[in-house]
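A structural walkthrough
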Amino acid sequence: MKYAHLPFVLISATVAAGSAFAYEPSDWIVRAGYASVDPRDDSSDLNVNGTGLAGTGVGVGSGTALGITVSYMFTPHWGVELLAATPFEHDLTTKGLGGLGVPDGTRLGSIEQLPPTLSVQYYFAPADSVWQPYVGLGINYTTFFSEDLSAAAKSKLGASDLQLDDSWGLAGEVGLDWAINEQWLLNVSVWHADIDTDASLNTALGKVKTTVNIDPWVYMVAAGYKF
């Protein structure tokens, strides 16, 4: 048959790639691709001038951007990685404000954030393996900016001056590299980050404050280059 030898060809190509590909000390690995932040958000009750409003809160939507990681290998199995990205934009929505004429899910506004994360990584496979699964543990710093309130928030709540504090927290990751040749690879990776922020804004009722636990899963599909 025309394709009878295709499995053998694929296996041979994979073995050949593995024989040429190896993670070694002082290697740099740069990965770039599609990244998505999927919050598992929760917030405290909105606090207005020191009084809590039971059943109220803020929701955080998902965001996508260009994700970039840079890893440096200290040994064939241990490395350190910096996660960076172009800004992620997230919509903020209201909860429990129906009594004020603001239905649940009303868009409160939007924010942008950058989540640089520094992690120590461990790669499980032999250094010359085509498949390189790894785990990582590190520190995430998230900075929020470009806070923008919606027309509904301004007209119905008299809202202004939305602010979110920056966040520090732990982050863990799992990932997998697949070597195409000696330099190029494909990658999939997932992070979970502890991101908590104190948010505030001025309204017609007074100063509103809440603590938002964003705690997202971050997914990335990327191409990489080793040098």
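This report concerns the structure included in the present document. As the structure is a prediction and not an experimental result, all values here were calculated from the model.

1. Notes on the nonpolar core
- By size, the foremost hydrophobic cluster in this structure holds 24 residues, and its most contacted members are Leu92, Leu108, Leu149, Leu162 and Leu201.
- Those elements that provide at least two residues to this core are β3 (46-48), β5 (57-60), β9 (107-114), β11 (131-149), α2 (151-157), β12 (160-164), β15 (196-203) and β16 (206-213).
- In this structure, Val37, Leu83, Phe88 and Met220 belong to the second largest nonpolar core, which totals ten residues.

2. A look at a nonpolar patch on the surface
- A contiguous nonpolar patch, built from Trp28, Val70, Trp131, Trp178, Ile180, Trp184, Leu186, Tyr225 and Phe227 and spanning about 870 Å² of accessible area, is present on the exposed surface.
- Of the residues examined, Trp178 reaches a relative accessible area of 32% and is grouped as partly exposed.

3. Observations concerning unusual backbone geometry
- Positive phi outside glycine occurs at Asp161, with the angle close to 55°.
- When you line up the elements, Asp161 lands in strand β12.
- With a phi angle near 40°, Asp215 is a residue other than glycine that sits in the positive phi range.
- Its location among the elements puts Asp215 in the loop between β16 and β17 (217-226).

4. Thoughts on the pairing of β9
- As paired elements, strand β8 (residues 88-95) and β9 share six bridges and run antiparallel to each other. Looking across to β9, one finds that Asp91 is bridged to Ser110.
- With five bridges joining them, β9 and β11 adopt antiparallel strand pairing. What sits directly across from Gln113, in β11, is Phe144.

The rules behind the values
Residues take numbers from 1 onward in each chain, read along the sequence in its written order. Totals for whole chains, interfaces and linings use all residues, but because this is a predicted model, local features are given only for residues with pLDDT of at least 70 and pairs of side-chain atoms are given and counted only at 80 or more. The side-chain values count all of the structure's non-hydrogen atoms but skip hydrogen atoms and water molecules. Among buried residues, those of type Ala, Val, Leu, Ile, Met, Phe, Trp, Tyr and Cys that are joined through side-chain atoms within 4.5 Å constitute a nonpolar core. Only protein chains enter the calculation, and the probe is 1.4 Å; a residue is then buried if its accessible area is under 20% of its type maximum, exposed if over 50%, and partly exposed in between. Runs of H or I in DSSP of at least four residues are treated as helices and runs of E of at least two as strands, each being numbered from the N terminus. Residues with no salt bridge and a relative accessible area higher than 30% make up the patches, which join like charges within 9 Å and nonpolar side chains (Val, Leu, Ile, Met, Phe, Trp, Tyr) within 5 Å. Reported accessibility uses the Shrake-Rupley method at a 1.4 Å probe radius. Residues are deemed covered only where the shown protein chains occlude them. The term salt bridge refers to a side-chain nitrogen of Lys or Arg lying within 4 Å of a carboxyl oxygen of Asp or Glu. The pairing criterion is simple: DSSP has to find at least two bridges between the two strands.

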